[in-house]
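Structure at a glance
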Amino acid sequence: MKSLDRYAVFGYPITHSKSPRIHKIFAEQTGQAIEYSAQEVPAGQFSAAVAAFFADGGKGLNCTIPLKELAWAYADVKTERAELSKAVNTLALQADGSILGDNTDGIGLVTDLMTNHAVTLAGNRILILGAGGASRGIIAPILEQSVHSIVIANRTVDKAINLAQEFHHKGSITGCGFNDLKNQQFDLIINATSTSLSGQLPPLPEALLAKNGVCYDLAYNNEPTVFVRWGLENHALKSLDGLGMLVEQAAEAFFIWRGIRPKTRPVIELLNAERKM
Ligand code: NDP
């Protein structure tokens, strides 16, 4: 009997990852004979663990917190979006034995916003809260949608300014601190800080969200995150969390590995139904 092609997600911690579940459903749906596991890998063991995985016949990996920058450094070749974001969440074994690195987070977010939630990006003023790895991964795919402008606001102001400068050549983008947001309004506010994970909010001025504006928290939970609640309190047309992005970035990784695009909507509906139970 032919053995199944092996894939995995590496992270630290990793026990709560939904990725094995998502990829199992994708595999069933598309008839692909794969197995996908989760492996806890501390940063210090990353290179050895990846090398061992591929040497043992593994075909592809997802890498999550705190390993995306290490995965970027590990990849032999990188896509343009991975190169720009300096972070890799998908590694794929190529026919010539080299390891390709890609970053599917940004396209996952854009697909969730535009396709799943019919949110318009073109011509709109976008605010990204946070200047960490996730923020870095979503900037280029958003700028490619002909947005009016992006402002990045971060607690450590220099990081926001430097990050904006890196993407200057791709569109209108500036960096600032949270205090500089007074008297500004945005059509879409994306929370790419990790504050929701600890039930906190960055300090946000009143009237930050334009009429009919949309809020999107990259974080997700069984309950609405504190930022999703902030959006609702501030009369957002939609206030969304990152579960759809998680499924869409996984679908993009699955496509890179298997050349087949799984249907994401049934998976998002299933995961959403489960957290309402
Ligand atoms: P990083 O650790 O790289 O960055 C964290 C960011 O949060 C930094 O900008 C940091 O600011 C800011 N921050 C942390 N604590 C505070 C605070 N108390 N007040 C204000 N700002 C704060 O994390 P990532 O970028 O990798 O991840 C960010 C979020 O995105 C996480 O919630 C993660 O789960 C989510 N995510 C979701 C994905 C999905 O598929 N849905 C995919 C990827 C990420 P400073 O620079 O000043 O320290």
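The rules behind each value
Residues numbered from 1 in each chain as written. Predicted model: local features only at pLDDT ≥ 70, side-chain atom pairs only at ≥ 80, totals over all residues. Heavy atoms only, no water. Core = buried A, V, L, I, M, F, W, Y, C linked by side-chain atoms within 4.5 Å. Buried < 20%, exposed > 50% of the residue type's maximum accessible area, 1.4 Å probe, protein only. Helix = DSSP H or I, 4+ residues; strand = E, 2+ residues; numbered from the N terminus. Contact = heavy atoms within 4.5 Å. Pairing = 2+ DSSP bridges. Salt bridge = Lys/Arg side-chain N within 4 Å of Asp/Glu carboxyl O. Near = heavy atom within 4 Å. Polar contact = N/O pair within 3.5 Å; in protein donor to acceptor, adjacent residues only side chain to side chain. Areas by Shrake-Rupley, 256 points an atom, 1.4 Å probe, with all protein chains shown as cover. Phe/Tyr/Trp six-rings, centres within 6.5 Å; stacked < 30°, edge-to-face > 60°. Lys NZ or Arg CZ within 6 Å of the ring centre and 35° of its normal.

Turning our eyes to something else, we now look at the nonpolar core. Counting 30 residues, the largest nonpolar core has L109, I126, I139, I142, I150, I152 and I190 as its most contacted members. A total of five residues in this core trace back to one element, the largest contributor, which is helix 6 (residues 133-143). In contact with I152, other than residues within four places in its own chain, are I128, G130, A131, S135, I139, A160, L163, A164, I173, T174, G175 and C176. The next biggest cluster of nonpolar side chains, apart from the first, holds 22 residues, and it includes Y7, A27, L243 and L246.

The two faces of a sheet get side chains in turn, since along a regular strand they alternate between them. Burial of strand 6 (residues 99-102) is two-sided: the residues I99 and G101 facing one way and the residues L100 and D102 facing the other way are all buried. As defined by bridge partners, strand 4 (residues 77-78) adjoins strand 6 across two bridges and the pair is classed as parallel. The partner of V77 across the bridge, within strand 6, is L100. Relative to strand 6, strand 5 (residues 90-93) is paired through four bridges, and the arrangement is antiparallel.

For the rest of this paragraph, the subject is the pattern of salt bridges. According to the stated counting rule, one finds 14 salt bridges in the structure shown. K170 is the salt-bridge partner of E80, the closest N and O atoms lying 3.8 Å from each other. Of this pair, E80 sits in helix 4 (residues 80-85) while K170 sits in the loop between helix 7 (157-166) and strand 9 (173-176), and the two are 90 residues apart along the sequence. Judged by relative accessible area, which is 26%, K170 ranks as partly exposed. As a salt-bridge pair, D102 and R81 come within 2.8 Å of each other at their nearest N and O atoms. With D102 in strand 6 and R81 in helix 4, this residue pair connects regions lying 21 residues apart in the sequence. Residue class for R81 comes out partly exposed when judged on its relative accessible area of 25%.

Looking now at unusual backbone geometry. Here the amide bond leading from Y12 into P13 is cis, since omega sits at 5°, within 30 degrees of zero. Within the secondary structure, P13 is located in the loop between strand 1 (5-11) and helix 1 (19-30). In this chain, I65 is followed by P66 through a cis amide linkage whose omega measures 0°. A positive phi angle, close to 65°, is found at N183, a residue other than glycine. Inspection of the secondary structure puts N183 in the loop between strand 9 and strand 10 (186-191). The exposed category is assigned to N183, whose relative accessible area is 84%. In the Ramachandran plot, A207 falls in the positive-phi region, its phi being about 60° despite a non-glycine side chain. Relative to the helices and strands, A207 resides in the loop between strand 10 and strand 11 (209-217).

Here we come to the site of the ligand. A134, N154, R155, T156 and K159 are the nearest of the 24 residues found near the ligand. R155 is positioned such that a nitrogen or oxygen atom in its side chain is 2.9 Å from an oxygen atom of the ligand. One of the side-chain N or O atoms of K159 is found 2.7 Å from an oxygen atom in the ligand. Across the complex, the protein chains shield 79% of the 940 Å² of accessible surface that the ligand would expose by itself.

Looking at the element boundaries, D105 is found in helix 5 (residues 105-116). The class of D105 is buried, set by a relative accessible area of 10%. Side chain to side chain, D105 and N89 meet in a polar contact 3.1 Å long. In contact with D105, other than residues within four places in its own chain, are K68, N89, M245 and Q249.

Moving on, we come to the packing of aromatic side chains. What the rule picks out here adds up to seven aromatic pairs. With 5.9 Å between their ring centres and 80° between their planes, F10 and F53 make a pair best called edge-to-face. Residue F10 is found in strand 1, and its partner F53 is found in helix 2 (residues 46-55); the two are separated by 43 residues along the sequence. Of the residues examined, F10 reaches a relative accessible area of 0% and is grouped as buried. With a relative accessible area of 6%, F53 lands in the buried category. Here the aromatic rings of Y36 and W257 are separated by 6.2 Å at their centres, their planes lie at 45°, and the arrangement is tilted. Of this pair, Y36 sits in strand 2 (residues 34-40) while W257 is found in helix 9 (residues 243-258), placing the two residues 221 residues apart along the sequence. Residue class for W257 comes out buried when judged on its relative accessible area of 11%. Among the aromatic side chains, those forming a connected cluster through ring pairs are Y7, Y36 and W257. When the ring centre of W72 is taken as origin, the NZ or CZ atom of K78, which lies over that ring, is 4.3 Å away.

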